[in-house]
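Notes for the structure review
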Amino acid sequence: MSRPLPSSRPLLPREFRLAFVLCVTVLAISGFAQMPIFRRYYIADVPGLAWTDDFYFTSQLHYLAAVGFLVLAGYAVGRYLTAWRSGHALTTSGILRSGLYALLIITGLAHVLGNSSMTSLDSLPAMLVDMGHLASVMLLGLASLLSALLGRRDWLRHRSS
């Protein structure tokens, strides 16, 4: 039987994990800020939160955080493929969340390409990309919450010998 990794010795440094949490938090806030919910529910009227109503600013902030997220995700995937894969395997939770992150990245890149001046999506494909991106965010949040509540937060486990 394989055992989960001991939580006392994480594979990634603390700074990496903090940067990852910061990027995901900024992505979540700036992503939802691009929808008109912050103005509709008067969140933008709270002192210090008026920036949440500025679509251009939140869009640029989202792109900037996405670049940071892609760098961190690329590093983690690279470390897994080069150093960890021989001694560790992805847990079921890790496989599920990795797949949802991949879907999130793919729909995000499709959204960026659809918004670029070089390409143009018709209204139906654009809406499907938007809904797919939002759905992947919601499913990832639900999967992460369930993983935390069930105590299955580890992404990797030791391989059986």
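Conventions and cut-offs
- Residues numbered from 1 in each chain as written.
- Predicted model: local features only at pLDDT ≥ 70, side-chain atom pairs only at ≥ 80, totals over all residues.
- Heavy atoms only, no water.
- Helix = DSSP H or I, 4+ residues; strand = E, 2+ residues; numbered from the N terminus.
- Expected span 1.5 Å × (residues − 1).
- Buried < 20%, exposed > 50% of the residue type's maximum accessible area, 1.4 Å probe, protein only.
- Contact = heavy atoms within 4.5 Å.
- Core = buried A, V, L, I, M, F, W, Y, C linked by side-chain atoms within 4.5 Å.
- pLDDT = per-residue confidence, 0-100.
- Polar contact = N/O pair within 3.5 Å; in protein donor to acceptor, adjacent residues only side chain to side chain.

The next thing to look at is helix α5 (residues 123–149). Here α5 contains 27 residues, and its C-alpha end-to-end distance of 39 Å stays within 8% of the 39 Å for a straight helix at 1.5 Å per residue. When α5 is considered as a whole, its buried residues turn out to be Val129, Ser136, Leu140, Ala143 and Ser147. Each element contacted by the buried residues of α5 is listed here: α4 (92–115).

Looking now at the nonpolar core. Residues Phe69, Tyr101 and Leu140 are the most contacted members of the largest nonpolar core, which totals 13 residues. Those elements that provide at least two residues to this core are α1 (14–33), α3 (55–84), α4 and α5. The element that contributes the greatest number of residues to this core is α3, accounting for four residues. Not counting the four nearest positions on each side in its chain, phenylalanine 69 is found in contact with Phe20, Cys23, Val24, Leu27, Tyr101 and Ile105.

Further remarks concern the confidence of the model for the protein chain. Looking at the protein chain, the pLDDT average stands at 86 and 91% of residues meet or exceed 70. Looking at the elements of the protein chain, mean pLDDT is at its lowest for strand β2 (residues 156–158), recorded as 71, and at its highest for α1, recorded as 94.

This paragraph deals with the side chain of serine 147. Following the sequence through the fold, serine 147 ends up in helix α5. Of the polar contacts made by the side chain of serine 147, one reaches the side chain of serine 93; its length is 2.8 Å.

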